[in-house]
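Spelled out, the chains give:
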Amino acid sequence: MHHSPVSLAAYWRLVRDNRNFRLLWLAQIVSELGDWFYAIAIYSLLLELTGSAKSIAVAYVLQVLPQVFVAPAAGVVNDRMSRKRVMILTDLARAGIVFCMIWVRSPSLVWAIYVLLLLETVMWAFFEPGRSAVVPVIAREHELLAANALASITWSFNLAIGASLGGLVAALLGRNTVFVINAISFLGSAALLRAMSFPETHLSKTRPFRLRELTDFSPFFEGARYMVRDRRRLATVLVKAGLGLMGTNWVLLPIFGEKIFPVRSERFDSRQAGMLGMSLLMGSRGVGALIGPLAAGYCLGRESGRLRLGILLGFLAGAAGYLALSAAPSLAGACAAVILAHAGGSTIWVFSTTLLQEQTEDRYRGRVFSSDYALHCLVVSAVTYLAGFSIDLGVGVRTMAALTGLLTLLPAVLWLMAQRFWRETRPAPHS
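Residues numbered from 1 in each chain as written. Predicted model: local features only at pLDDT ≥ 70, side-chain atom pairs only at ≥ 80, totals over all residues. Heavy atoms only, no water.

Chemist: Break down the overall build of the protein chain for me, citing the residues and quoting the values.
Modeler: Broken down by element type, the protein chain carries 19 helices and zero strands. Residues counted as buried form 60% of the 431 residues belonging to the protein chain. Considering only residue pairs separated by 6 or more positions, the protein chain has 87% of its internal contacts joining residues 24 or more positions apart. Carbon and sulfur atoms form 67% of the exposed surface of the protein chain, whose accessible area is close to 17,400 Å². (Helix = DSSP H or I, 4+ residues; strand = E, 2+ residues; numbered from the N terminus. Buried < 20%, exposed > 50% of the residue type's maximum accessible area, 1.4 Å probe, protein only. Contact = heavy atoms within 4.5 Å. Areas by Shrake-Rupley, 256 points an atom, 1.4 Å probe, with all protein chains shown as cover.)

Chemist: A description of the nonpolar core should follow, citing residues and the corresponding values.
Modeler: In this structure, Ile-42 and Leu-325 are the most contacted members of the largest nonpolar core, which totals 105 residues. Counting residues per element, this core draws most heavily on helix H2 (residues 19–50), which supplies 16 residues. Residues within four places of Ile-42 in sequence aside, it is in contact with Met-101, Ile-113, Leu-117 and Phe-179. Judged by nonpolar contacts, the second largest core, of eight residues, contains Tyr-226, Leu-356, Val-368 and Phe-369. (Core = buried A, V, L, I, M, F, W, Y, C linked by side-chain atoms within 4.5 Å.)

Chemist: Residues and numbers for the pattern of salt bridges, please.
Modeler: In total, this model carries three salt bridges according to the counting rule given. Two residues, Asp-17 and Arg-16, come together in a salt bridge whose shortest N-O distance is 2.7 Å. A relative accessible area of 43% places Arg-16 in the partly exposed class. Notably, a salt bridge pairs Lys-240 with Asp-372, separated by 2.8 Å at the nearest N-O pair. In this pair, Lys-240 sits in helix H11 (residues 239–243) while Asp-372 sits in helix H16 (residues 365–393), placing the two residues 132 residues apart along the sequence. Taken individually, Lys-240 and Asp-372 each receive the classification buried, so the pair is uniform in this respect. (Salt bridge = Lys/Arg side-chain N within 4 Å of Asp/Glu carboxyl O.)

Chemist: Requested: an account of helix H18 (residues 409–418), with residues and values cited.
Modeler: Of the residues making up H18, those classed as buried are Pro-411, Ala-412, Trp-415 and Ala-418. Take H18 and look down its axis: the buried residues cluster within an arc of 125°, on one side only. (Arc of directions from axis to C-beta.)

Chemist: Before we move on, can you summarise the packing of H2 against helix H12 (residues 249–260) with the specific residues and values?
Modeler: Put simply, H2 and H12 touch, their axes get as near as 11 Å, and they point 70° apart. The angle between H2 and H12 falls in the class roughly perpendicular. Judged by the sense of rotation from one axis to the other, the crossing of H2 with H12 is right-handed. Only Trp-250, Pro-254, Ile-255 and Glu-258 of H12 make contact with H2, whose side of the interface consists of Trp-36, Tyr-43 and Leu-47. Of the residues belonging to the contact of H2 with H12, the class tally is six nonpolar, no polar and one charged. (Axes fitted to C-alpha atoms, helices over the stretch in contact; angles between N-to-C directions. Parallel < 35°, antiparallel > 145°, perpendicular 65-115°, else oblique. Left-handed = near helix turned anticlockwise from the far one by under 90°. Nonpolar A, V, L, I, M, F, W, Y, C, P; charged D, E, K, R; others polar.)

Chemist: I'd like a rundown of the packing of aromatic side chains, residues and numbers included.
Modeler: Going through the model one piece at a time under the given rule, you end up with four aromatic pairs. Taking the centre distance of 5.5 Å and the plane angle of 70° together, the rings of Trp-415 and Trp-422 count as edge-to-face. Assigned by exposure class, Trp-415 and Trp-422 land together as buried. Here Arg-94 stacks its cationic end above the ring of Phe-127, 4.8 Å away from the centre of that ring. (Phe/Tyr/Trp six-rings, centres within 6.5 Å; stacked < 30°, edge-to-face > 60°. Lys NZ or Arg CZ within 6 Å of the ring centre and 35° of its normal.)

Chemist: If you had to explain the environment of Val-135 to someone new, which residues and values would you point to?
Modeler: Among the structural elements, Val-135 can be located in helix H6 (residues 110–138). Each C-alpha atom, one on Val-135 and one on Ala-151, is 9.9 Å from the other, the two residues being 16 residues apart in sequence. When sequence neighbours within four positions are dropped, the list of residues in contact with Val-135 reads Leu-24, Leu-144, Ala-147, Asn-148 and Gln-357.

Chemist: Would you mind going over the confidence of the model for the protein chain in detail, with residue names and values included?
Modeler: One rule of thumb: low pLDDT means the predicted coordinates there are not for detailed reading. Across the protein chain, the average pLDDT comes to 80, with 85% of residues at 70 or higher. In the model, residues 1–5 has pLDDT below 50 throughout and makes six contacts with residues more than four positions away in sequence or in other chains. (pLDDT = per-residue confidence, 0-100.)

Chemist: With reference to specific residues and values, describe the packing of H12 against helix H17 (residues 397–407).
Modeler: Put simply, H12 and H17 touch, their axes get as near as 10 Å, and they point 150° apart. In terms of orientation, H12 and H17 fall into the roughly antiparallel class. In terms of crossing hand, the pair formed by H12 and H17 is left-handed. Contact with H12, carried on its side by Leu-252, Ile-255, Phe-256 and Ile-260, involves Val-397, Arg-398, Met-400, Ala-401 and Thr-404 of H17 and no other residues of that element.

Chemist: Hey, could you go over the side chain of Gln-419 for me, with residue numbers and the actual values?
Modeler: Here Gln-419 is to be found in the loop between H18 and helix H19 (420–424). Side chain to side chain, Gln-419 and Arg-308 meet in a polar contact 2.6 Å long. (Polar contact = N/O pair within 3.5 Å; in protein donor to acceptor, adjacent residues only side chain to side chain.)

Chemist: Pulling in residues and values, what's your account of a nonpolar patch on the surface?
Modeler: Side chains of Leu-309, Leu-313, Leu-316, Leu-323, Leu-403, Leu-406 and Leu-409 sit close together on the surface and give an oily, nonpolar patch of about 560 Å² of accessible area. Where the nonpolar patch is concerned, the elements lending two or more residues are helix H14 (304–326) and H17. With four residues, the top contributor of residues to the nonpolar patch is H14. Position of Leu-309 relative to the elements: it lies in helix H14. (Patch = residues over 30% accessible without salt bridge, like charges linked within 9 Å, V, L, I, M, F, W, Y side chains within 5 Å.)

Chemist: Describe in detail the environment of Ala-319, supporting the description with residues and values.
Modeler: By secondary structure assignment, the location of Ala-319 is in helix H14. Relative accessible area serves as the criterion here: at 3%, Ala-319 is assigned to the buried category. When the C-alpha positions of Ala-319 and Leu-403 are compared, they lie 9.3 Å apart, and in sequence the two are 84 residues distant. Here Ala-319 is in contact with Gly-405, Thr-408 and Leu-409, once residues within four sequence places are set aside.

Structure representation (structure tokens):
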């Protein structure tokens, strides 16, 4: 009997039967729940200490922009060293970095938040390309879409639950409790990754890595030539850059929650009401990201043409969601708009990742996915900072949401134009 690779039964079989994927999946649950627990605490702390939307924008830029500069080294490291070891070491480093945030308690120490976020970002930049490169090794070809979809669904669930509970825990028990929980989560993730056992065949095809090679960019340029060799591969690498235009949400949702849709109650002061408003909107982002790959995977399947159609529909849903957010009359309406937008965004992420894994040889995956993330982070950094800067200058947050929706139509048009590459060229080589 044939089972759809994106059915609920397929997810269950993947987790039940594939021990390595199960451990990687559990590590993701543990660490990401901790991350989303503390996101609300960070944004709330910055608003309290600075009163500036730009402070959130700067914080998020520091969480993503360094990946652009780290990407060449991260890609080479993940293609030349044990990816399992890289992931474990970066998890341990992030545990220590996050724990240090408990000492930031006054406006004079806001700079320390920025430094710690920068360091955590560098560690993530080495971790994530390794994780993406490992998935095609531990998951069989027919499991690949299910593996990527489940990872995205899990990220979305973690966002919905972690952001919602994180705001509540921060409001009731204090931010330091949240920081400690996040630090412990990274230790748990490292322990689970250590239990994995899988072949790292990319190591057999390369010479031992030397630290001095971090300043040698020839492997990175070799990877860049590989990416542009196939126009379909290059177009797929650029998809997440287009998705980055929705990155304004990292400023918009906290401001919408804090200023426009706080949860009013006699039990909560204004600070707590704002954190809970943020939590509900961020949680809605997670709900949307959870629904997107489930619905799109079930309806469209894993054939290349259907994946490409799903990416186009995802961009259209993102545009519609942010245009609806700009006119939302209530918190419920805002949550619904955010769910729609990020159902589309998550579908784009999962489908483009699956296409790229299928189009890329294993020995190049570290560099290709580093570039994939770097381009996304570059765009997200630019639009996030511009959104925060513009709001501080007086541009309305609703106006900024509408502009985000309109901008998201641009990559939809470009992706539609790029479909001719699949009609004109032969299939890309598989690993």
